Amino acid sequence: MTEEITAWFLHAIDAADAPKSLRELSERFSARSISKSKLLHSAKWEPLLRGEDTSLPKGWVNLGELACTRRGIATGANDYFLLSRQAADEFGLPEKHLVRCIGRANDVSSLIFTQADFDNADLSGAKCWLWDVKSRPDAKEKLYISYGEERGVHKRYLPAHRTPWYSMEQREVAPVWGSVFGRGDLEFVFNSARVRSLTNFHCIYPNDRRELNCRALTAVLNSNSVRSRSKLHTRGFGGGLAKFEPRDLLTIPVPDLRQVDDAFLGRLSDQLSKLDEATRTNRDDGSQLALDELVERAAEQASKHRDKLL
C-alpha cells in the first residue's frame, strides 16, 4: 500500500474555473506528494498542501507557550442580555448587575481599546452593558425576568441549560482580544479599558500579565511577519473570509518574549501606541514597517538569549 498521496491545492478560483476531471486537474495545476504519516500527524493540512514551511525559526515559539485562549462570553440571547445604557435605565436594572461589555467587533476600530473608546460607544447608544445577576434579583429585575420568559428567552438553548436560566457565563477580563473573523488581516487589540467581550472576540490571557508584556504581545501579533504566518492557521470560508478558533490562536508563531528584556518590551509597547494612532487617523506614517523591524529584532534577541542558556 502506498505511503504517499498526491494532492493539489486550489485557492480562490471560481466554480466556473474548477477542473471538470482528474485529467484536467493534473494538466492545469501542480501536484504535490505528501506522506500519509505527515498528514496523520498534522493538525491542519492546508499548510502542507500549499507547500508552506511550518517549522519555527530560531527565537520563535507558538503563542500557546506564552498565553492561553478562550472564546468570549456566550449569552445565548444577546438581544436580551446585552443592553444600551438607555434600555438598562428604562428597565430599572441596578448598576451592580451591569457589566461593561463589548458585543460587536465594529464597536472596536483601533488596536488599543481605551476607557474613552468605551465611553464614546456608550454615549452613542451602543449595547455595551451586560446584565449579569450575581445575587438575588430585585423587584425590577424580576419584572425583566418575566419579560424574558414572555419572549421565550428561557427556552433558547444556552439559557435553558443554565440554573437559573438568566444566570450569565463568567469570564475573566482578557488583556488581549483576537479577531474571530476577517477578510483581510486578523487584528489583535490591547484591552486597556479592561472590559469584557462576547464571542465577537477571542480572549487571550498572557502568562505574564504585566501591562508591559501584554502590550508588547499585542504589538507582535499585529506585525506583518506574524500575520503572514498566522494565515496558515485560519479556517477559510467563502469570499475570502477567514476564521480563528481559540485553539487556532495557540499555534500562531511569535517571537519568544520570555527571552526579551523589559527595555525591548517597552519599545514594542511604544510602537503599539504609534501604530494605534496611525490606525485611528487612517494614515501611513511608517509605524507598521518600524514594528515589523522591531519584531524581527525581538526574535533575534530571543534566539541569542536562548543560545547563551544552552
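Looking at the overall build of the protein chain
Secondary structure assignment for the protein chain yields 13 helices and 16 strands. A burial count over the protein chain gives 46% of its 310 residues as buried. Relative to all contacts within the protein chain whose residues are 6 or more apart in sequence, the contacts with residues 24 or more apart total 75%. About 16500 Å² of surface is accessible on the protein chain, with carbon and sulfur atoms providing 50% of the total.

Section: the packing of helix α9 (residues 211-221) against helix α12 (residues 262-281)
Interaxial distance between α9 and α12 falls to 8 Å at its minimum, and their mutual angle equals 60°. Here α9 lies oblique to α12, going by the angle between them. In terms of crossing hand, the pair formed by α9 and α12 is left-handed. Of α12, the residues touching α9 (which contributes Leu212, Asn213, Arg215, Ala216, Thr218, Ala219 and Val220) are Asp262, Leu265, Gly266, Leu268, Ser269, Leu272 and Ser273. Looking at side-chain class alone, the contact of α9 with α12 contains seven nonpolar, five polar and two charged residues.

Structural notes on the pattern of salt bridges
Side chains carrying opposite charge are able to pair once their charged atoms draw close together. Counting across every chain of the model gives 16 salt bridges. A salt bridge links Arg280 to Asp117, with the nearest nitrogen and oxygen atoms 2.7 Å apart. Pair noted here: Arg280 is in helix α12 and Asp117 is in helix α6 (residues 115-123), with a separation of 163 residues, a long-range link. Given the relative accessible area of 15%, Asp117 is considered buried. Across the salt bridge formed by Glu172 and Arg209, the nearest N and O atoms sit 2.9 Å from each other. One end of the pair, Glu172, is in the loop between α8 (157-160) and β9 (176-179); the other, Arg209, is in the loop between β13 (201-206) and α9, and 37 residues separate them in sequence. A cluster of three or more residues bridged by salt bridges with shared partners is formed by Glu65, Asp256 and Arg258.

So, the side chain of His202
As for its position among the elements, His202 is in strand β13. On the basis of relative accessible area, His202 is assigned to the buried category, the value being 5%. Not counting residues up to four positions away in its chain, the partners in contact with His202 are Arg70, Arg71, Gly72, Val176, Trp177, Gly178, Ser179, Val180, Phe244, Glu245, Pro246 and Leu249.

Considerations on the sheet that holds strand β12 (residues 196-197)
The strand order across the open sheet formed by four strands is β5-β8-β6-β12, and the pairing between neighbours is mixed. In this open sheet, the two edge strands, each paired with only one partner strand, are β5 (82-83) and β12. Here α6 sits on the sheet and contacts β6 (98-102) and β8 (129-131); the angle it forms with β6, its principal contact strand, is near 100°.

So, the sheet that holds strand β11 (residues 188-191)
In space, the five strands of this open sheet follow the order β4-β13-β9-β11-β7, with mixed pairing throughout. On the outer flanks of this sheet lie β4 (67-71) and β7 (112-113), each paired with one strand and no other. Note: β9 against β11, three bridges, orientation antiparallel. Opposite Val176, over in β11, you have Phe190 as the bridge partner.

What about the side chain of Gln271?
Within the fold, Gln271 resides in helix α12. In this structure Gln271 comes out as buried when scored by relative accessible area, which is 7%.

Quick word on the pairing of β13
The buried fraction of β13 amounts to six of the six residues, a majority that puts the element mostly inside the structure. On β13, burial covers both faces: Phe201, Cys203 and Tyr205 on one face and His202, Ile204 and Pro206 on the other are all buried. The pairing of β4 with β13 spans five bridges and is antiparallel. Each bridged residue has a counterpart across the sheet, and for Ala67 the counterpart in β13 is Pro206. Relative to β13, β9 runs antiparallel, the two sharing four bridges. The residue of β13 that forms the bridge with Ser179 is Phe201.

Conventions used here
Residues numbered from 1 in each chain as written. Predicted model: local features only at pLDDT ≥ 70, side-chain atom pairs only at ≥ 80, totals over all residues. Heavy atoms only, no water. Helix = DSSP H or I, 4+ residues; strand = E, 2+ residues; numbered from the N terminus. Buried < 20%, exposed > 50% of the residue type's maximum accessible area, 1.4 Å probe, protein only. Contact = heavy atoms within 4.5 Å. Areas by Shrake-Rupley, 256 points an atom, 1.4 Å probe, with all protein chains shown as cover. Axes fitted to C-alpha atoms, helices over the stretch in contact; angles between N-to-C directions. Parallel < 35°, antiparallel > 145°, perpendicular 65-115°, else oblique. Left-handed = near helix turned anticlockwise from the far one by under 90°. Nonpolar A, V, L, I, M, F, W, Y, C, P; charged D, E, K, R; others polar. Salt bridge = Lys/Arg side-chain N within 4 Å of Asp/Glu carboxyl O. Pairing = 2+ DSSP bridges.

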